[in-house]
Amino acid sequence: MSERYDIAIIGTGPAGLEAAINAKIRNKNIIIFGNKELSPKLVKASKVNNYLGFYNATGVDLKNQFAAHIAAMGIGIINEKINNVYAMGDYFALMVNEKIYEAKTIILATGIEYTKPIKGEEEFLGKGVGYCATCDAPLYKGKTVVIVGYNKESIEETNYVSELSGKTYFIPMYKGEYKLSPNVEIINHKIMEIVGNDVVTKVILDEGELITDGVFMLRDSVSPAQLVPGLQIEQGHIKVGRDMKTNIEGCYAAGDCTGKPYQYMKSAGEGLVAALSAASYLDKMNEIK
Ligand SMILES: Cc1cc2nc3c(=O)[nH]c(=O)nc-3n(C[C@H](O)[C@H](O)[C@H](O)COP(=O)(O)OP(=O)(O)OC[C@H]3O[C@@H](n4cnc5c(N)ncnc54)[C@H](O)[C@@H]3O)c2cc1C
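The text that follows walks through the structure, step by step, so that each part is easy to find. Everything numeric in this text was worked out from a predicted model, so none of it was measured.

The three strands are arranged β11-β12-β13 in an open sheet whose pairing can be described as antiparallel. The open sheet has two edge strands with one neighbour each: β11 (191-196) and β13 (209-211). Recorded for the sheet is a direction-independent mean angle of 20 degrees between the axes of neighbouring strands. Pairing of β11 with strand β12 (residues 200-205) involves five bridges; the strand directions are antiparallel. The residue of β12 that forms the bridge with Val195 is Lys202.

What follows is the structure, given as structure tokens:
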């Protein structure tokens, strides 16, 4: 059996990192998923004047301080994206492509996407629209796929899909270099709508359209309801109490994903509370046993 962690934290922004250091201080066996850059939103801020103790810092300064802090505490980041989390009763199964991690509690600190879903995206989710290209690539063997890439990580997924699919289109949603395989066609047009009947048949662009069997939307984070089936959502955010507990026993949430204001300090504060709540829950469980 694989190792079962006390706390799995999803997200490496201020919320997830603050949760990680506090869970570690409480001597819990933790695992944290995210990326080495920590948070795309952290590095983007040119000037931060509302993070106590860091007057006039840039987002990169904060990121470097956060990275040094977790390194000093021996916290390593697992550079993987969680595709789904399933509540299994007394533990959670976290899926990363074909791999499964197990944890007794989870803290969701996945941030929030500022971009709205594309028209048709939610309607065709699971009917040709997906969020994990590498997971679903085998379904599109020999078929046509459109990949809408919001970040650098989407390049790797696109190249992998193109090995299996018949035709791969890539629609970039960010500026940068696209190191794509020669058989991937880059479409420099805006995607307006995903359409179909029972399943996806095409995407409408600001100029023209593409006939396709599947569309992958590859963003930094997926909607929490999609990530954790059964999670209670209120006005687009995860519903939590003052202890950062969600409607699912053992599942906590912190940061932008729980609601406004979207700020570093609020995120970190919630991460702290979530970690302490998870730790108390685990201690109670142990007492009962
Ligand atoms: C340009 C800009 C400037 C800003 N300036 C300020 C400012 O001056 N002051 C201020 O207080 N706030 C500022 N903010 C807001 C601040 O960035 C956010 O409030 C804060 O980063 C939220 O922290 P978080 O930990 O909730 O989420 P995030 O920082 O968004 O981190 C979430 C992390 O989770 C990861 N993740 C998501 N889903 C998964 C998954 N399924 N598996 C693995 N990892 C996953 C993401 O990749 C990301 O690394 C600014 C934001 C922007 C964009």
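What follows covers the pattern of salt bridges. For the structure on display, the rule yields 13 salt bridges. The salt bridge partner of Asp283 is Arg26, with a shortest N-O separation of 2.9 Å. Separated by 257 residues along the polypeptide, Asp283 in helix α7 (residues 264-288) and Arg26 in the loop between α1 (14-25) and β2 (30-33) bring together distant segments of the chain. As a salt-bridge pair, Glu270 and Lys266 come within 3.3 Å of each other at their nearest N and O atoms.

The buried fraction of strand β5 (residues 92-96) amounts to four of the five residues, a majority that puts the element mostly inside the structure. Note: strand β4 (residues 84-87) against β5, four bridges, orientation antiparallel. Paired with Val85 across the two strands is Leu94, which belongs to β5. Hairpin connection of β4 to β5: four residues between the antiparallel strands, including Gly89 at a positive phi of 105 degrees. The antiparallel pairing of β5 with strand β6 (residues 99-108) creates a hairpin that spans two residues between the two strands, and Asn97 there sits at a positive phi of about 45 degrees.

Attention now moves to the sheet that holds strand β10 (residues 184-186). Paired through backbone hydrogen bonds, the strands of a sheet run either parallel or antiparallel to each other. Judged by pairing direction, the sheet is parallel, and its five strands sit side by side in the order β7-β14-β8-β9-β10 without closing on themselves. Looking along the sheet, the strands with just one partner apiece sit at the ends: β7 (129-130) and β10. In this sheet, strand β14 (residues 214-218) lies alongside strand β8 (residues 144-149) in parallel orientation, the contact comprising five bridges. Pairing of Val145 across the sheet is with Gly214, part of β14. Contacting β8, β9 (167-172), β10 and β14, helix α5 (residues 153-164) crosses the sheet at an angle of about 165 degrees to β9.

Turning to the packing of α1 against α7, a few remarks are in order. For the pair α1 and α7, interaxial distance at closest approach is 7 Å and the crossing angle is 35 degrees. Note on packing geometry: the crossing formed by α1 with α7 is right-handed. From α1, Pro14, Ala15, Glu18, Ala19, Asn22 and Ala23 reach across to α7, where they touch Tyr264, Ser267, Ala268, Gly271, Leu272 and Ala275. Per-class residue counts for the contact of α1 with α7 are eight nonpolar, three polar and one charged.

Glancing now at the site of the ligand. Around the ligand, the surrounding shell holds 33 residues, and the nearest of these are Leu38, Ser39, Ile82, Asp256 and Tyr264. In the model, an oxygen atom of the ligand is placed 3.3 Å from a nitrogen or oxygen of the Pro14 main chain. Contact distances for the ligand include 3.4 Å between an oxygen atom and a backbone N or O atom of Tyr262. Coverage of the ligand by the protein amounts to 87% of the 1,000 Å² it exposes when considered alone. Those elements giving two or more residues to the shell around the ligand turn out to be α1, α2 (40-44) and α7.

Turning our attention to the side chain of Thr212. By the element assignment, Thr212 lies in the loop between β13 and β14. Within the local environment of Thr212, its side chain forms a polar contact with the backbone oxygen of Gly214, the two atoms lying 3.0 Å apart. Among all residues touching Thr212, those that are not within four sequence positions of it are Thr144, Val145, Val146, Val200, Thr201, Lys202 and Val203.

Of all six residues in β8, six are buried, a share of seventy percent or more. The alternating pattern of β8 places Thr144, Val146 and Val148 on one face and Val145, Ile147 and Gly149 on the opposite face, and all of these are buried. As judged from the six bridges shared by β8 and β9, these two strands associate in the parallel manner. Residue Gly149 lies in a different strand from β9, and its bridge partner there is Pro172. In this region the chain leaves β8, passes through α5 and returns to the parallel neighbour β9; the handedness of that crossover is right-handed.

The next point concerns the nonpolar core. Core analysis: the largest hydrophobic core is formed by 41 residues, its most contacted members being Val85, Leu94, Leu108, Ile194, Val215 and Met217. Among the elements that line this core, the one with the most residues is β6, at four residues. Within the second largest apolar cluster, 32 residues are counted, among which are Ala23, Ala45, Tyr51 and Ala109.

Before going further, it helps to spend a moment on helix α3 (residues 59-72). The end-to-end C-alpha distance of α3 is 20 Å, a good match for the 20 Å that 14 residues give at a rise of 1.5 Å each. All of the buried residues in α3 are Gly59, Leu62, Lys63, Phe66 and Ile70. Seen along its axis, α3 keeps its buried residues to an arc of 100 degrees; they face one direction. Facing away from the buried side of α3 by over 90 degrees, the exposed positions are Ala71 and Ala72. Buried positions along α3 lie against α1, α2, β3 (77-78) and α7.

Rules and cut-offs
Residues numbered from 1 in each chain as written. Predicted model: local features only at pLDDT ≥ 70, side-chain atom pairs only at ≥ 80, totals over all residues. Heavy atoms only, no water. Pairing = 2+ DSSP bridges. Helix = DSSP H or I, 4+ residues; strand = E, 2+ residues; numbered from the N terminus. Axes fitted to C-alpha atoms, helices over the stretch in contact; angles between N-to-C directions. Salt bridge = Lys/Arg side-chain N within 4 Å of Asp/Glu carboxyl O. Buried < 20%, exposed > 50% of the residue type's maximum accessible area, 1.4 Å probe, protein only. Contact = heavy atoms within 4.5 Å. Left-handed = near helix turned anticlockwise from the far one by under 90°. Nonpolar A, V, L, I, M, F, W, Y, C, P; charged D, E, K, R; others polar. Near = heavy atom within 4 Å. Polar contact = N/O pair within 3.5 Å; in protein donor to acceptor, adjacent residues only side chain to side chain. Areas by Shrake-Rupley, 256 points an atom, 1.4 Å probe, with all protein chains shown as cover. Right-handed = clockwise from strand over helix to strand, strands pointing away. Core = buried A, V, L, I, M, F, W, Y, C linked by side-chain atoms within 4.5 Å. Expected span 1.5 Å × (residues − 1). Arc of directions from axis to C-beta.

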